Amino acid sequence: MADIRFKHVAKRFGDVSVIEDFNLEIADQEFIVLVGPSGCGKSTILRMIAGLEALSDGELFIGGRLVNDVPPKDRDVAMVFQSYALYPHMTVRDNISFGLRIRKMPAQEIEVAVKEAAGILGLGDLLSRKPKELSGGQRQRVALGRAIVRKPAVFLFDEPLSNLDAELRVQMRAELSKLQDRLKTTTVYVTHDQVEAMTLGDRIAVLKAGKLMQMGKPLELYNTPQNIFVARFIGSPPMNMLRVTVNADGRSVRHAAFTAPVPERLHPAVAPYRGKDIMLGIRSEHIGEAGRQDWQSTVEFDGVIEIFEPLGHEIIVYVRSGEERILAKFEATRLPAMGQTIRLTLNADKIHLFDPQTEQRLGKERSNDTNEGART
């Protein structure tokens, strides 16, 4: 068993608090992605698991064992760094086997382990080469091989694909997914790229300023963000966030460009906000050109096209409506014209509502996947 549990963990560098009262549970064999903007503390969390950073407060358990004072070499974890951290004077074979040789494993066992890892990663023909003779993707696979041969209880990945070009990142994401399916090893993966997070993780932990904003399965985060930060951070393009006023009936909200019904499921949560401003979130795929017949509850309004981004099968359109810019997705049947006034339809069944002060979702489901800690 290699479950990981953070219990009221804090990390401070002098007077600067990076992590405060952090609680998180990761199940054995689970692939967890830590995602968030630069400086949110995700790499610090990874380094605390590895033992490269000491905890300022709290407790950290790996496999049920308290590891606060356990040195890195005794934690049974393997870390893959952003920079690959390969020895330039060593061959691929020697780089992969380095950790095993340090542990004085018998030479025959080392050779078997290296060949097995090389076979998994497609490095069999490259074992005699040195890092300078390899491409970026091949170097990354060597770094993975060095971690695999140790057969650790936990894999730690610190933005391992950020140095690769777009095509290689896609390929390596697929290889990492296959690797996890094959090895079934508890994995913690750090990235600032929410596309990587959505495609790789069994669950995703979204962090901001050292705090866990939400944790859940990728589609849970996308479809039911529990606060404005997650709503804007997860998804590309980010969710539209519009200030609206709740009407006196508590069953509709008013924007400068439209009035939208509040979904019935949200009536109790919206009732206390009658006459007050709240935030309405709506994803770009739920705003389109007028005349949609496949949406049951729709609201139409006008906007002026400011910018558009053709993406092949669809177009992202930036529309000015009143004082706000709204992003919509159109099918790429034709290119719109800049400055054109266009009639839009909003799918009212897909709106999200948030308190503008707390930034928390209205009518959100109670969940343990927050900074309260327990795994669902």
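The sections below set out a description of the structure shown in this document.

Cut-offs used in this document
Residues numbered from 1 in each chain as written. Predicted model: local features only at pLDDT ≥ 70, side-chain atom pairs only at ≥ 80, totals over all residues. Heavy atoms only, no water. Helix = DSSP H or I, 4+ residues; strand = E, 2+ residues; numbered from the N terminus. Buried < 20%, exposed > 50% of the residue type's maximum accessible area, 1.4 Å probe, protein only. Contact = heavy atoms within 4.5 Å. Areas by Shrake-Rupley, 256 points an atom, 1.4 Å probe, with all protein chains shown as cover. 1 Å grid on protein atoms, 1.4 Å probe; cavity = no way out; pocket = protein on both sides within 12 Å on 5 of 7 lines; lining within 4 Å. Points joined across faces, edges and corners; volume = space filled by probe spheres on them. Nonpolar A, V, L, I, M, F, W, Y, C, P; charged D, E, K, R; others polar. Expected span 1.5 Å × (residues − 1). Arc of directions from axis to C-beta. Pairing = 2+ DSSP bridges. Axes fitted to C-alpha atoms, helices over the stretch in contact; angles between N-to-C directions.

**What about the overall build of the chain?**
(1) Moving on: Tallying secondary structure elements over the chain gives nine helices and 20 strands in all.
(2) Moving on: C-alpha extents for the chain along the principal axes are approximately 75 × 50 × 35 Å.
(3) Moving on: Taking all 376 residues of the chain together, the buried fraction comes to 51%.
(4) Moving on: Considering only contacts within the chain whose residues lie at least 6 apart along the sequence, 67% involve residues at least 24 apart.
(5) Moving on: Of the roughly 17,800 Å² that the chain leaves accessible, carbon and sulfur atoms contribute 48%.

**Topic: empty space enclosed by the protein**
(1) Moving on: All told, the structure shown has one cavity of 30 Å³ or more when counted by the stated rule.
(2) Moving on: What the largest cavity holds in volume is close to 50 Å³.
(3) Moving on: Contributing to the lining of the largest cavity are Phe 31, Phe 155, Phe 157, Leu 176, Leu 179, Gln 180, Leu 183, Thr 185 and Thr 187.
(4) Moving on: Mapped onto the lining of the largest cavity, the elements with two or more residues apiece are strand 7 (154-158) and helix 5 (166-183).
(5) Moving on: Looking at the lining of the largest cavity residue by residue, the classes come out as six nonpolar, three polar and no charged.

**Considering helix 3 (residues 107-121)**
(1) Moving on: Taking 1.5 Å of rise per residue, 15 residues should cover 21 Å, and helix 3 covers 21 Å from first to last C-alpha, within 8% of that figure.
(2) Moving on: Taken residue by residue, helix 3 has Ile 110, Ala 113, Val 114, Ala 117, Ala 118 and Leu 121 as its buried positions. An end-on view of helix 3 places all buried positions within 130° of arc, on one side of the element. Along helix 3, the residues that are exposed and aim more than 90 degrees away from the buried face are Gln 108, Val 112, Lys 115 and Gly 119.
(3) Moving on: Contact partners of the buried residues in helix 3: helix 2 (92-102) and helix 4 (136-148).

**As for helix 2**
(1) Moving on: Residues of helix 2 that are buried include every one of Val 92, Asn 95, Ile 96, Ser 97, Gly 99 and Leu 100, and no others.
(2) Moving on: The elements touched by buried residues of helix 2 are helix 3 and helix 4.
(3) Moving on: Immediately beyond the C-terminal end of helix 2, within one or two residues, lies Lys 104, with a positive phi of roughly 60°.

**Looking at the sheet that holds strand 15 (residues 287-289)**
(1) Moving on: Overall, antiparallel pairing links the five strands, which are arranged 15-19-16-17-18 in an open sheet. Lying at the two open borders of the sheet, with one neighbouring strand each, are strand 15 and strand 18 (324-331). On average, each strand axis in the sheet is tilted by 50° relative to the strand beside it, whichever way the strands run.
(2) Moving on: Direction of pairing for strand 15 relative to strand 19 (residues 341-347): antiparallel, over a ladder of three bridges. Bridge pairing in strand 19 links Ile 287 to Leu 346.

**Let's talk about the pairing of strand 10 (residues 211-216)**
(1) Moving on: Sheet analysis places strand 9 (residues 203-208) next to strand 10, joined by five bridges and oriented antiparallel. Paired with Lys 208 across the bridge in strand 10 is Lys 211.
(2) Moving on: The antiparallel pairing of strand 9 with strand 10 creates a hairpin that spans two residues between the two strands, and Ala 209 there sits at a positive phi of about 50°.

**A word on the layout of surface pockets**
(1) Moving on: As a volume, the largest pocket reaches approximately 500 Å³.
(2) Moving on: What lines the largest pocket is a set of 18 residues, among which Met 79, Phe 81, Arg 103, Arg 146 and Arg 150 lie closest to the centre.
(3) Moving on: Looking at the lining of the largest pocket residue by residue, the classes come out as 13 nonpolar, one polar and four charged.
(4) Moving on: For the second largest pocket, the full set of lining residues is Glu 285, Gly 288, Glu 289, Arg 292, His 313, Glu 314, Lys 329, Phe 330, Glu 331 and Thr 333.
(5) Moving on: Broken down by secondary-structure element, the contributors of at least two residues to the lining of the second largest pocket are strand 15 and strand 18.

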